[in-house]
Amino acid sequence: MKNNNRYICTSCAAIYPAWQGKCTQCGAWNTIILEEINEGISQTQKCIEDLQTFKIQSTRTYAESRIKFSLNSFNNILGGGILHSQVILFAGEPGIGKSTLLAQLCSNIQTKTLYISGEENFDQIAQRALRLGTPDSFENIEFSNDTDLASILTYIESKKYEIVIIDSIQTVTNNNSFNNRITNQIREYASLITDAAKNSHTSVLMVGQITKDGSIAGPKVLEHIVDTVLYFEGNYKDDTRILRVKKNRFGKTSEIAVFRMSNNGLQEVNNLEWFFIDNLKCEEGLAYSIYNEGSVYFIIEVQALCIKTSFTYPKRISNGYDAKRLEMLIAILSKKLGLPLENCDIYVNIVGGIKITDTSADLAVAAAIISSFQNKPLADKPCFIGEISLTGEVRKIHKQTEKIKKAKEYGFKKIYYDKVMPNIKLLLEHNTL
Ligand code: TYD
Ligand code: MG
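Thresholds, definitions, all that
- Residues numbered from 1 in each chain as written.
- Chains lettered and ligands numbered in written order.
- Predicted model: local features only at pLDDT ≥ 70, side-chain atom pairs only at ≥ 80, totals over all residues.
- Heavy atoms only, no water.
- Helix = DSSP H or I, 4+ residues; strand = E, 2+ residues; numbered from the N terminus.
- Buried < 20%, exposed > 50% of the residue type's maximum accessible area, 1.4 Å probe, protein only.
- Contact = heavy atoms within 4.5 Å.
- Areas by Shrake-Rupley, 256 points an atom, 1.4 Å probe, with all protein chains shown as cover.
- Lys, Arg positive; Asp, Glu negative; His and termini not counted.
- Charge placed at Lys NZ, Arg CZ, Asp CG, Glu CD.
- Core = buried A, V, L, I, M, F, W, Y, C linked by side-chain atoms within 4.5 Å.
- Domains from an automatic or database assignment.
- Polar contact = N/O pair within 3.5 Å; in protein donor to acceptor, adjacent residues only side chain to side chain.
- Pairing = 2+ DSSP bridges.
- Axes fitted to C-alpha atoms, helices over the stretch in contact; angles between N-to-C directions.
- Salt bridge = Lys/Arg side-chain N within 4 Å of Asp/Glu carboxyl O.
- Near = heavy atom within 4 Å.
- Nonpolar A, V, L, I, M, F, W, Y, C, P; charged D, E, K, R; others polar.
- Right-handed = clockwise from strand over helix to strand, strands pointing away.

Novice: An account of the overall build of the chain is needed here, citing residue identities and associated values.
Specialist: When you go through the chain residue by residue, the secondary structure sums to nine helices and 22 strands. Oriented by its inertia axes, the alpha-carbon framework of the chain measures out at about 75 × 55 × 50 Å. Taking all 433 residues of the chain together, the buried fraction comes to 50%. Put simply, 67% of the contacts in the chain that link residues at least 6 apart link residues at least 24 apart. A total accessible area of about 22100 Å² is found for the chain, and carbon and sulfur atoms account for 49% of it. Treating the 49 positive side-chain charges of the chain as one cloud and the 47 negative ones as another, the clouds have centres 6 Å apart.

The following block contains the structure:
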């Protein structure tokens, strides 16, 4: 038996050989804790006859049926529902609506389900459930407040339930251990739960609370153990909630579903293309582009404001678009188009609070800046799809064909991309049309 100690960051799961105050990977302070690992590598040889291997058989079908919930967007982002023995980590900050979404998933479910909650007592769970559905709609659900690890493993292995929900993994305790709720314990519990799910073909959905200070193990340390990782995000001021697939062994990643939190639970949002804006406008400083997350294609509105500066160094302020990229774009526009932008403060905003993480909106940002600079709206509300290089060339972007197709579907009459507008010099011509 070898006994090794190592240090792990509770916020991002980075591993260190010695303790340090700041995690160099995620930048968090005081999140690194000691983790004891017992590597019990057995030297005893096993008899080969006792070991089991498998072969693919032509007589058996391997396509598994998926368990479907009454929330279609939840099924869709997972590839059409969940598989038997799939283990899903459902992560989010406290109060974001994880338990609400889980209760909604349970309503009208046709599959025997157990909901184990260590966060709320039965009355609180029942009150929430009745806010979201009738008692009959929860006919197939049983609830438990027993978060002892041994009980959870017994429930899963009993095969009495097809789905077991654990709300949350941080509340699981091990009555046989004193050392509860620290990172390596939580990882150990998640790993035992995952083994039990695989052995018994039970699907498990476990909630992972994200704590801002990282004092308790964050869901990051569990990501490699489970099959699927979902993040539930939102803004407390706004009622929008976004469910994101971060990892999925049985489907696509980067898929999203959007909900609005209402008095009657989470409402699915459809027609996502119009989610960030209501309609297309023809005003100076406005340009449109198409942005995608997974298989959702949004219309985005870029707003720019150029105004004569009264500072020694002109201001460049960006909201939703990378600030350094904005500086670069302004430099390209000044040099290649000869625009005196060094005398202007420039503000750029992507409407609706969305953050553009790729370069696909470069052309739209450039068009919006020129439109504001010239005090001229862009004729015919065009859509711009493309990256701008340092030479002023318009470059093809990832998923360009799909974006052009969607732009046409969404009713754009004029669409500019690398083939139509190979160089930003053409922006000046098109801008004055
Ligand atoms: P909850 O699901 O308990 O969050 P989590 O499990 O992520 O900690 O719900 C959080 C908030 O949602 C809570 O402030 C109350 C609100 N809420 C609604 O606005 N409408 C509803 O129908 C429900 C059930 C909750
Ligand atoms: Mg909860």
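Read on, since the account is not over.
Novice: Can you lay out the nonpolar core for me, pointing to particular residues and giving the numbers?
Specialist: Across soluble globular proteins, nonpolar side chains have a tendency to be buried as a group. By size, the foremost hydrophobic cluster in this structure holds 47 residues, and its most contacted members are Phe 298 and Ile 369. Breaking this core down by element, the ones donating at least two residues are strand 13 (256-262), strand 15 (286-293), strand 16 (296-308), helix 6 (323-337), strand 18 (344-350) and helix 7 (362-373). Element by element, the count of residues in this core is highest for helix 7, at eight residues. Shared between two domains, this core holds at least three residues of each, these being domain 2 (65-269) and domain 3 (286-429). Filtering out sequence-adjacent residues up to four positions away, Phe 298 remains in contact with Ile 256, Leu 272, Glu 273, Phe 275, Phe 276, Ser 289, Ile 290, Tyr 291, Glu 293 and Ile 354. If you look at the next biggest cluster of nonpolar residues, it comprises 30 residues, including Leu 78, Phe 90, Cys 106 and Phe 138.

Novice: Give me the environment of Gln 124: which residues, what numbers.
Specialist: Looking at where Gln 124 falls in the secondary structure, it is placed in helix 3 (residues 122-132). For Gln 124, a relative accessible area of 40% translates into the label partly exposed. At 2.9 Å, the side chain of Gln 124 forms a polar contact with the backbone nitrogen of Asn 121.

Novice: Hey, could you go over the sheet that holds strand 7 (residues 113-117) for me, with residue numbers and the actual values?
Specialist: Taking strand neighbours across the sheet as the criterion, the nine strands line up as 8-7-9-10-6-11-12-13-14 in an open arrangement whose pairing is mixed. Each edge of the sheet is formed by a strand with only one pairing partner; in this case those strands are strand 8 (141-144) and strand 14 (265-268). With strand direction ignored, the average angle separating the axes of adjacent strands in the sheet is 25°. Summarising the sheet, strand 7 and strand 9 (residues 163-167) pair through five bridges and their orientation is parallel. Looking across to strand 9, one finds that Ser 117 is bridged to Asp 167.

Novice: Can you lay out the pattern of salt bridges for me, pointing to particular residues and giving the numbers?
Specialist: Overall, the coordinates contain 13 salt bridges when judged by the stated rule. The residue Asp 227 makes a salt bridge to Lys 198 at a minimum N-O spacing of 2.5 Å. Remark: Lys 198 occurs in helix 5 (residues 183-200) and Asp 227 occurs in the loop between strand 10 (203-209) and strand 11 (228-234); sequence separation between them is 29 residues. For Lys 406, the salt bridge goes to Glu 409, with nearest N and O atoms at 3.9 Å. Of this pair, Lys 406 and Glu 409 both sit in helix 8 (residues 400-409), separated by three residues, roughly a single helical turn.

Novice: Can you explain the site of ligand 1? Please cite residues and give values.
Specialist: Lining the immediate environment of ligand 1, one finds 16 residues, of which Gly 95, Ser 99, Thr 100, Ser 262 and Gly 265 sit closest. A distance of 2.7 Å is found between an oxygen atom of ligand 1 and a side-chain nitrogen or oxygen belonging to Ser 99. Residue Ser 262 places a main-chain N or O atom 2.7 Å away from a nitrogen atom belonging to ligand 1. Coverage of ligand 1 by the protein chains reaches 74% of its 570 Å² of free accessible surface. Mapped onto the shell around ligand 1, the elements with two or more residues apiece are helix 2 (98-106), helix 3 and strand 13. Taken together, the residues that form the shell around ligand 1 break down as four nonpolar, eight polar and four charged.

Novice: Any chance you could break down the pairing of strand 17 (residues 316-319) for me, citing the residues and the numbers?
Specialist: Pairing of strand 17 with strand 18 involves four bridges; the strand directions are parallel. Each residue of the ladder has a partner; that of Ser 318, found in strand 18, is Val 348. Viewed along the sheet, the connection from strand 17 through helix 6 into strand 18 turns out left-handed.

Novice: An account of the pairing of strand 9 is needed here, citing residue identities and associated values.
Specialist: Across the five residues that make up strand 9, a large majority, five, are buried. Neither face of strand 9 is left uncovered, since the one carrying Ile 163, Ile 165 and Asp 167 and the one carrying Val 164 and Ile 166 both have all their residues buried. As paired strands, strand 9 and strand 10 are joined by four bridges and run parallel to one another. Considered in strand 10, the bridge of Val 164 is made with Val 204.

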